[in-house]
Amino acid sequence: MPEVHPRTHTTALALPATVRALADHRRRAWRCVGIGATALVVGLAVGPRAHQSGIGWLSALAVFCVGCGPVVAAVGVAALMNSRRMRRTVATHTWIACNAVAIPPGQGPPRVVLRHPVTGTLIPLSVRTVAPRYHLTNPEPGGVLWWAGDSRTGGVIAPPGGEHLLWVRPTQTERARRRDAEAAVRRGLLDRPTPPQPQAPRT
């Protein structure tokens, strides 16, 4: 069934805070690519000379750069891809304020369950981001996250205000989605009042 949205006149990209958040996300992604590539080049350049000269600490540093540089660069490339996906999503969907519950952390990325304010549908999602940003998936103290996207394919969530964007995908398996939805219901997700919508038309 197609996603149902509250009636609005603009997309999520109409909010200046969201535009800034996209720019910041892309800037961080390019920074990771640059740092990773630089570390790899430095490691490859310094490594042979350090080995020949017998300088132990410099050899260890070169090994570290060669090992970690590609990993950091790969994280940056993945972030760039997510940035492109997020821009496409917020340019075609509106922000919807949803009651939300964070699933207690376990193995793998953070997970949340949203309740759509119009249909009442529960939307279990897995977040695709790096560990230093995991805290942004916690909807407390207000118990609300903003959502833009399609529950079948994924989208973007943000703390209220739209200043920090996180790419999310449907939680992987039907069993996990059902388990997360049941946990959210036990924590009172269905009992909360519908939050005010950030892009509701003005009257």
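Residues numbered from 1 in each chain as written. Predicted model: local features only at pLDDT ≥ 70, side-chain atom pairs only at ≥ 80, totals over all residues. Heavy atoms only, no water.

A. Highlighting the packing of helix α1 (residues 16-53) against helix α2 (residues 56-90). Packing of α1 against α2 brings their axes to within 6 Å, and their N-to-C directions diverge by 160°. Relative to α2, the element α1 lies roughly antiparallel. For the element pair α1 and α2, the recorded crossing hand is left-handed. (Axes fitted to C-alpha atoms, helices over the stretch in contact; angles between N-to-C directions. Helix = DSSP H or I, 4+ residues; strand = E, 2+ residues; numbered from the N terminus. Parallel < 35°, antiparallel > 145°, perpendicular 65-115°, else oblique. Left-handed = near helix turned anticlockwise from the far one by under 90°.)

B. Main features of the pairing of strand β1 (residues 96-102). Across the seven residues that make up β1, a large majority, seven, are buried. Both faces of β1 are covered, namely the face carrying Ile-96, Cys-98, Ala-100 and Ala-102 and the face carrying Ala-97, Asn-99 and Val-101. With four bridges connecting them, β1 and strand β4 (residues 144-150) associate as antiparallel partners. Within β4, the position partnered with Cys-98 by the bridge is Leu-145. For β1 and strand β2 (residues 111-115), the ladder comprises four bridges, and the chain directions are antiparallel. Looking across to β2, one finds that Val-101 is bridged to Val-113. (Buried < 20%, exposed > 50% of the residue type's maximum accessible area, 1.4 Å probe, protein only. Pairing = 2+ DSSP bridges.)

C. View of a nonpolar patch on the surface. Together, Ile-55, Trp-57, Leu-61 and Phe-64 give the surface a local cluster of nonpolar side chains, amounting to about 450 Å² of exposed area. By secondary structure assignment, the location of Phe-64 is in helix α2. (Patch = residues over 30% accessible without salt bridge, like charges linked within 9 Å, V, L, I, M, F, W, Y side chains within 5 Å. Areas by Shrake-Rupley, 256 points an atom, 1.4 Å probe, with all protein chains shown as cover. Salt bridge = Lys/Arg side-chain N within 4 Å of Asp/Glu carboxyl O.)

D. Quick peek at the sheet that holds β4. Strand order in the closed barrel formed by six strands is β1-β2-β3-β6-β5-β4, with antiparallel pairing between adjacent strands. Taking each pair of neighbouring strands and ignoring which way they run, the sheet shows an average axis angle of 45°. Sitting on the sheet, α2 touches β3 (122-128), β4, β5 (154-158) and β6 (166-170), and the angle it makes with β6 is about 85°. (Contact = heavy atoms within 4.5 Å.)

E. Representation of the packing of aromatic side chains in the model. The tally for this structure, following the rule as stated, stands at one aromatic pair. Ring geometry for Trp-95 and Trp-146: centres 5.7 Å apart, planes at 50°, overall tilted. You can see Trp-95 sitting in the loop between α2 and β1 and its partner Trp-146 sitting in strand β4, a full 51 residues away along the chain. For Trp-146, a relative accessible area of 11% translates into the label buried. (Phe/Tyr/Trp six-rings, centres within 6.5 Å; stacked < 30°, edge-to-face > 60°.)

F. Local environment of unusual backbone geometry. Following Glu-140, the chain continues to Pro-141 via a peptide bond in cis, the omega torsion being 15°. As for its position among the elements, Pro-141 is in the loop between β3 and β4.

G. View of the environment of Gly-69. Here Gly-69 is to be found in helix α2. The exposure class assigned to Gly-69 is buried, which follows from its relative accessible area of 1%. When the C-alpha atoms of Gly-69 and Ala-39 are compared, they prove to be 5.0 Å apart, with 30 residues separating the residues in sequence. Non-local contacts of Gly-69, meaning those with residues more than four positions away in its chain, are made with Gly-36, Ala-39, Leu-40 and Phe-64.

H. Region of the structure containing the pairing of β6. Where burial is concerned, most of β6 is hidden: four out of the five residues are buried. Bridge count for β3 against β6 is four bridges, and the pairing is antiparallel. Following the sheet pairing, Ser-126 is matched in β6 by Arg-169. Across three bridges, β5 lies against β6 in antiparallel orientation. Residue Gly-155 lies in a different strand from β6, and its bridge partner there is Val-168.

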